[in-house]
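Observations on the three-dimensional arrangement
Now for the letters of each chain:
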Amino acid sequence: MMTQHLCTCGYEAGGPEDLVVHFGEMFIPADDVAPDGRVHAEKARDADDDRPAAVPLILTCRCGFTAGIDGFDRHLLAVFAPADRIGRDGKQHAPAAPASPQSPEPIPGKAAE
Ligand SMILES: [Zn+2]
Ligand SMILES: [Zn+2]
């Protein structure tokens, strides 16, 4: 059975990776500058770096963070996604549970302040 991956904006992702891409599109500005004032983007490998790529692939962020692809995506969302999950289009974007029509939308890690 296929698991649906829905965004609270109504976007239907084809899978968890697609949903992460969607969040990236909604939260990451063109200049890659996060709310913390730093640039977060995959750093291109230096041209003179002739060492073989690490296996499994390790990505380096321009802030110095390194992780595998999954962890890197989570890092980008962690730095770019605002606490209220409101994207650049003014809509809220968060993983939506398809089979819970009356869930009160808990936002992890952030209670009312
Ligand atoms: Zn970073
Ligand atoms: Zn969305």
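A brief structural summary.

Cut-offs and rules
- Residues numbered from 1 in each chain as written.
- Chains lettered and ligands numbered in written order.
- Predicted model: local features only at pLDDT ≥ 70, side-chain atom pairs only at ≥ 80, totals over all residues.
- Pairing = 2+ DSSP bridges.
- Helix = DSSP H or I, 4+ residues; strand = E, 2+ residues; numbered from the N terminus.
- Contact = placed C-beta atoms within 7 Å.
- Axes fitted to C-alpha atoms, helices over the stretch in contact; angles between N-to-C directions.
- Core = buried A, V, L, I, M, F, W, Y, C linked by C-beta atoms within 7 Å.
- Buried ≥ 20, exposed ≤ 12 C-beta atoms within 10 Å, placed from the backbone.

Strand order in this open sheet of three strands is S2-S1-S5, and the pairing throughout is antiparallel. The open sheet is flanked by strand S2 (12–13) and strand S5 (95–96), the only strands paired with a single partner. Relative to S2, strand S1 (residues 5–7) runs antiparallel, the two being bridged by two bridges. Bridge pairing in S2 links His5 to Ala13. Across the sheet, helix H1 (residues 16–27) lies against S1, S2 and S5, angled at about 15° from S1, the strand it touches most.

Bringing the nonpolar core into the picture now. By size, the foremost hydrophobic cluster in this structure holds 10 residues: Cys7, Leu19, Phe23, Met26, Phe27, Ile28, Ala34, Leu76, Phe80 and Ala81. Listed by contribution, the elements that provide at least two residues to this core are H1 and helix H2 (69–80). Here this core gets four residues from one element, more than from any other, and that element is H1. Setting aside chain neighbours within four positions, we find Met26 in contact with Gly87, Arg88, Asp89 and His93.

Note that all results are geometric; they support no functional claim without further evidence.
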